[in-house]
Amino acid sequence: MKKVLSVGAAIAVSGTLAYSAEAASHTVDKGDTLSQIAHENNTTVDAIKAENNLSSNLILPGQVLEVSNEENTEAPAEDGIYKIKSGDTLFEIAQQFDVTVSDLKAWNNLSSDLIFAGKTLAVSGNIVEQAPVVEAPQVEETQEVQQTEQVNQAPAQPSEEVQEQRAAEQAAQEQRAAEQAAAEQRAAEQAAQEQRAAEQAAQEQRAAEQAAQEQRAAEQAAAEQRAAEQAAAEQRAAEQAAQEREQRNQTQAQNQSTSTSSNASGQNWGALAQCESSGNASVVSSNGLYHGLYQFDVQTWRSVGGSGLPSQASAAEQTKRAQILFDQRGAQPWPVCGSRL
């Protein structure tokens, strides 16, 4: 009985491998992983990454992925032997043949989940160990063959133990994928944070350099301003000195003119001017009442025909008005210095 059923199981998994593919789009939800999406669409993680040019397993909510949904149209192995393709995992192969990863590892003497494309795997325990042939009457053998045919006609249902094992393996794989995705997410966030910190530091450096440049420009402008003010002050001092020299020259000329006038009129107006004002035609007394060479008060100045202020008139004009006053009143208007006339 065991031998006949094994042959039937071997016949059930024999055949050739063929696929039909249908392209579809998948929008990533929060918590999705490439492994989960690949399982839901009957494809592999590597196929999704290749189709979407992904360099890692990191995906983000809202991201749209192109997914090719591959379906088996015939039994994917020949005589219980499966040839490994690029991107295959033991978990996916176990699901495809309704067995567990532990079965595959036991049947193929594997100590880990590592497999290589191009190698072959036994996907049925019948390939590894065939039950011995049991001799039986012809009638019993016919009955067993009929039972085998009935078994082959009925769709194979995975046992509860296989389902639990497969669910546990899938949960473990999803957990690993989630942890890897979380680690990649943290790495991406850290890289982004470091990038922002570097940009902020560069911006602060530029701001500091600009502030230093503006400070230097302000100091240079202040220095130039001080230099300009100093030059202007020196210019004014030079102009004032030149004006004072000109004034002294004019005073000397006026004194000479006064001396000449004195000589012509017979009075020594230069001596009187030297006594009254030290020969300064524009001097004003400290009380503001007396002006010019001969210290006229305004009323007396106007009484002899003068206009404006005596200190604003020329030395010759002041001497002319002094002569008129002398002709009217003599030396009396100059009680202290009049004797020098």
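The coordinates are above.
All of the points below concern the structure found in this document.

Thresholds applied
Residues numbered from 1 in each chain as written. Predicted model: local features only at pLDDT ≥ 70, side-chain atom pairs only at ≥ 80, totals over all residues. Heavy atoms only, no water. Helix = DSSP H or I, 4+ residues; strand = E, 2+ residues; numbered from the N terminus. Buried < 20%, exposed > 50% of the residue type's maximum accessible area, 1.4 Å probe, protein only. Contact = heavy atoms within 4.5 Å. Areas by Shrake-Rupley, 256 points an atom, 1.4 Å probe, with all protein chains shown as cover. Salt bridge = Lys/Arg side-chain N within 4 Å of Asp/Glu carboxyl O. Core = buried A, V, L, I, M, F, W, Y, C linked by side-chain atoms within 4.5 Å. Polar contact = N/O pair within 3.5 Å; in protein donor to acceptor, adjacent residues only side chain to side chain. Expected span 1.5 Å × (residues − 1).

A few words now on the overall build of the protein. Secondary structure assignment for the protein yields 11 helices and four strands. Counting the 341 residues in the protein, one finds 28% classified as buried. Intrachain contacts of the protein at a sequence separation of at least 6 include 62% that bridge at least 24 residues. Per element, the accessible surface of the protein, about 21,500 Å² overall, is 48% carbon and sulfur.

Three or more residues of helix H9 (residues 269-277) are buried, namely Trp269, Gly270, Ala271, Leu272, Ala273 and Ser277. Looking one or two residues beyond H9, the residue adopting positive phi is Ser278, at roughly 60°.

Our next topic: the pattern of salt bridges. Close approach of charged atoms lets side chains of opposite charge pair. All chains considered together, the criterion is met by four salt bridges. Between Arg166 and Asp98 there is a salt bridge whose closest N-O contact spans 3.3 Å. Taken as a pair, Arg166 in helix H8 (residues 160-265) and Asp98 in the loop between helix H4 (90-96) and helix H5 (101-107) lie far apart in primary sequence, 68 residues in all. A salt bridge links Arg321 to Glu317, with the shortest nitrogen-to-oxygen separation between them at 2.7 Å. A residue pair is termed a helical-turn pair when its members lie 3 or 4 positions apart in one helix, as Arg321 and Glu317 do in helix H11 (residues 315-329) at four residues. We classify Arg321 as buried; its relative accessible area is 13%.

Before going further, it helps to examine the nonpolar core. One finds Trp269, Leu272, Leu293, Tyr294, Phe296, Ala322 and Trp334 to be the most contacted residues of the largest nonpolar core, which totals 15 residues. Secondary structure elements with two or more residues in this core: H9 and H11.

The next point concerns the side chain of Gln323. Assignment of secondary structure puts Gln323 in helix H11. Within the structure, the side chain of Gln323 is placed 3.3 Å from the side chain of Gln267, a separation counted as a polar contact.

Here the phi dihedral of Asn42 falls at roughly 55°; this positive angle occurs in a residue that is not glycine. On the secondary structure map, Asn42 appears in the loop between helix H2 (34-40) and helix H3 (45-51).

With 15 residues, H11 extends 21 Å between its outermost C-alpha atoms, agreeing within 8% with the 21 Å of an ideal straight helix rising 1.5 Å per residue. Among the residues making up H11, those that are buried are Ala315, Gln318, Thr319, Arg321, Ala322, Gln323 and Leu325. Positive backbone phi, at 75°, marks Gly330, one or two positions downstream of H11.

Honestly, that's just the spatial picture; any functional story needs more than this.
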